[in-house]
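# Results of the structural survey
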Amino acid sequence: MTRVLVVEDERSIRMPLVDLLRAKGYEVLEAEDGEAGLEIALREDPDAVLLDLMLPKRDGFSVLQAMREDRLTATVLILSARGAEMDRIQGFEYGADDYVVKPFSMAEVLARLAAALARKGGATPGIQEVEDVKGASFGKVHVDFEAYSLVADGRRHGLSRREMDLLRYFLRRDGETLERAQIMDDVWGPDETATTRTVDNHVLRLRKKIEERPDDPRHLITVHRVGYRFLRRG
Ligand code: CA
């Protein structure tokens, strides 16, 4: 059973969230402050943590940092009223998997939790829907499909429609070797002006946005004489 820890001091948010998660088949642990949240996380090693930022005793960022220092691999969704971009970026840098801004709908939290767990290969009871994710994270990159942009290592880059389609395509085929012609057919479809060169050019552009060192890529790898392979790498 997938175990989720909810760390939230506001009872009016925590209680309905806990009830809903239990109703959806998750095993739920809860904490009202950061100290207790960290203690339970370290002791119970849950699959996922829904973590508020403004918490008594220890704030959410500090809890997350301590969890990651202890090598806990739980999927972490930050729940916070603080929607500022810096907080969001800081959350991802500390290793958060997704970020939900209050006030949120319970359905949104559930969908994002399920998508984040699915990305990490965890079990999600009763929820198959993964395709409709609004964002995706890999390495130091977080992609916001709705805003046509991504944040890599704290820097924001815009994405063209085609770059976004291509990135989404690679994300769905994590670890697969893909031939240029196949990528062209799948992503460009019947657009007759596209050639395998078009694919190469778009890969180069994506690398400049997602790779720390575009000439020595970690995620978008060239497979000599064949095409490309995308690796999410956590
Ligand atoms: Ca709070």
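Residues numbered from 1 in each chain as written. Predicted model: local features only at pLDDT ≥ 70, side-chain atom pairs only at ≥ 80, totals over all residues. Heavy atoms only, no water.

### Looking at the sheet that holds strand E4 (residues 75-80)
Our working rule: Strand pairing is defined by DSSP finding a minimum of two bridges between the two strands. Strands are runs of DSSP state E lasting at least two residues, helices are runs of H or I lasting at least four, and both sets are numbered from the N terminus onward. Axis definition: a line fitted to C-alpha atoms, over the contacting stretch in the case of helices. Angles run 0 to 180 degrees between N-to-C directions. Whether two residues touch is decided by their heavy atoms; if any such pair falls within 4.5 Å, the residues are in contact.
Here five strands make up an open sheet; going across it, the order is E2-E1-E3-E4-E5 and the pairing parallel. What marks the edges here is a single partner per strand, and that holds for strand E2 (27-31) and strand E5 (98-101). Direction aside, the axes of adjacent strands within the sheet are offset by 20° on average. On the sheet, helix H1 (residues 11-23) packs against strand E1 (3-7), E2, strand E3 (48-52) and E4 and is oriented at approximately 165° with respect to E2.

### Some remarks on the nonpolar core
Note the threshold: Side-chain atoms within 4.5 Å are what join buried Ala, Val, Leu, Ile, Met, Phe, Trp, Tyr and Cys residues into a set we call a nonpolar core. The cut-offs for exposure are 20% and 50% of the maximum accessible area for each residue type, with area from a 1.4 Å probe on protein chains only; residues under the lower value are buried, those over the upper are exposed, and the others partly exposed.
Membership of the largest hydrophobic core comes to 27 residues, with the highest contact counts inside it found for Leu167, Phe170 and Ile183. Elements with a contribution of two residues or more to this core: strand E6 (135-138), strand E7 (141-144), strand E8 (149-152), helix H6 (161-172), helix H7 (180-188), helix H8 (196-210) and strand E12 (227-230). Among the elements that make up this core, the one with the highest residue count is H6 (six residues). With residues up to four places along the chain from it excluded, the contact list for Phe170 reads Leu178, Ile183, Val203, Leu220, Tyr228 and Phe230.

### Thoughts on unusual backbone geometry
Pro103 follows Lys102 through a cis peptide bond whose omega is -5°. Considering the arrangement of structural elements, one finds Pro103 in the loop between E5 and helix H5 (106-119). Although it is not a glycine, Lys57 sits at a positive phi angle of roughly 75°. Among the structural elements, Lys57 can be located in the loop between E3 and helix H3 (60-69). Phi angles above zero are rare outside glycine, and Asp153 is one such case at about 55°. Note on placement: Asp153 falls in the loop between E8 and strand E9 (155-158).

### Focus: the packing of H7 against H8
Where we set the bar: When describing relative orientation, an angle under 35 degrees is termed roughly parallel and one over 145 degrees roughly antiparallel, while 65 to 115 degrees is termed roughly perpendicular and anything else oblique. Three categories are distinguished: nonpolar for Ala, Val, Leu, Ile, Met, Phe, Trp, Tyr, Cys and Pro, charged for Asp, Glu, Lys and Arg, and polar for the others, with Gly belonging to the last.
Remark: H7 packs on H8, axes separated minimally by 9 Å, with the N-to-C direction vectors making an angle of 85°. Accordingly, the angle class assigned to the pair H7 and H8 is roughly perpendicular. Every residue of H8 that contacts H7 at Arg180, Ala181, Ile183, Met184 and Trp188 is listed here: Thr196, Thr198, Val199, Asp200 and His202. Residue composition of the contact of H7 with H8, by class: five nonpolar, three polar and two charged.

### Here's the deal with the domain arrangement of the protein
Spelled out, the test is: Domain boundaries shown here were taken from an automatic or database domain assignment. Computed with a 1.4 Å rolling probe, the buried area is the accessible surface lost when two parts are put together, summed over both parts.
Its domain assignment divides the protein into domain 1 (3-123) and domain 2 (135-230). The C-alpha centroid of domain 2 is placed 29 Å from the C-alpha centroid of domain 1. The partner domain 2 presents eight residues to the seven residues of domain 1 that form the contact. Between domain 1 and domain 2, roughly 540 Å² of surface is buried when both sides are summed, and carbon and sulfur atoms account for 50% of that area.

### Some thoughts on the sheet that holds strand E11 (residues 220-223)
Read across the sheet, three strands follow the order E10-E12-E11 without closing on themselves; strand pairing throughout is antiparallel. Two strands lie at the open edges of the sheet, namely strand E10 (177-179) and E11, each paired on one side alone. Averaged over all adjacent pairs, the angle separating strand axes in this sheet is 35°, with direction ignored. Pairing of E10 with E12 involves three bridges; the strand directions are antiparallel. Bridge pairing links Thr177 to Arg229 in E12. Along the sheet, H6 makes contact with E10, E11 and E12, crossing E12 at roughly 65°. Helix-sheet contacts for H8 involve E11 and E12, and the interaxial angle to E11 is about 145°.

### Here's the deal with the confidence of the model for the protein
Cut-off, in case you're wondering: As a per-residue measure, pLDDT tells how confident the predictor is, with possible values from 0 to 100.
Of all residues in the protein, 92% attain a pLDDT of 70 or more, and the chain-wide mean is 87. Contacts for the low-pLDDT stretch residues 122-132, under 50 throughout, to residues beyond four places or in other chains number 19 contacts.

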